[in-house]
Amino acid sequence: MANHKSSEKRARQTLVKTERNRFYKTRIKNITKDVLSAVESADKEKATVAMKVANKYFHHCVSKGILTKGTAARKVSRLQVKVNAI
């Protein structure tokens, strides 16, 4: 347990940030799965719509500091290659 006032505050902040990051990371995984399932079913229209949502959300996470710019670009690029292959 924290003994100093500042370390108590840091512990509280860590709980809040951990929960927030968990929400964003889970949403990233779910959006990625939506794109991949559309690609597997070979539904070009559904995959395109899901890809548009994924692209927007990945870059939203960059602005929030959840992902770095390069990580988001890599994830978007790999998903887009799969969508284009349909």
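Parameters and conventions
Residues numbered from 1 in each chain as written. Predicted model: local features only at pLDDT ≥ 70, side-chain atom pairs only at ≥ 80, totals over all residues. Heavy atoms only, no water. UniProt positions renumbered as here; feature names shortened; annotations may be inferred. Core = buried A, V, L, I, M, F, W, Y, C linked by side-chain atoms within 4.5 Å. Buried < 20%, exposed > 50% of the residue type's maximum accessible area, 1.4 Å probe, protein only. Helix = DSSP H or I, 4+ residues; strand = E, 2+ residues; numbered from the N terminus. Contact = heavy atoms within 4.5 Å. Expected span 1.5 Å × (residues − 1). Arc of directions from axis to C-beta.

Per an unreviewed UniProt entry, the protein carries the name Small ribosomal subunit protein bS20 and comes from Aliarcobacter cibarius. Within the UniProt record for the protein, the comment given under Sequence similarities (unreviewed entry) is "Belongs to the bacterial ribosomal protein bS20 family." Comment text from UniProt for the protein, heading Function (unreviewed entry), reads "Binds directly to 16S ribosomal RNA."

(A) Up close: the nonpolar core. Val35, Phe58 and Cys61 are the most contacted members of the largest nonpolar core, which totals 19 residues. Residue assignment for this core shows that the elements contributing at least two residues are helix H1 (5-40), helix H2 (44-64) and helix H3 (69-84). No other element matches H2, which puts seven residues into this core. Discounting chain neighbours no more than four positions away, the residues touching Val35 are Ala50, Met51, Ala54, Leu79 and Val83.

(B) Representation of H2 in the model. Along its 21 residues, H2 runs 30 Å from first to last C-alpha, staying within 8% of the 30 Å computed at 1.5 Å per residue. Inspection of H2 places Ala47, Ala50, Met51, Ala54, Tyr57, Phe58 and Cys61 among the buried residues, and these make up the whole buried set. One side of H2 holds all its buried residues, which, seen down the axis, span an arc of 140°. Projecting away from the buried face of H2 at angles above 90 degrees are the exposed residues Glu45, Val49, Lys52, Lys56 and Ser63. Count one or two residues on from H2 and you reach Gly65, which has phi positive near 85°.

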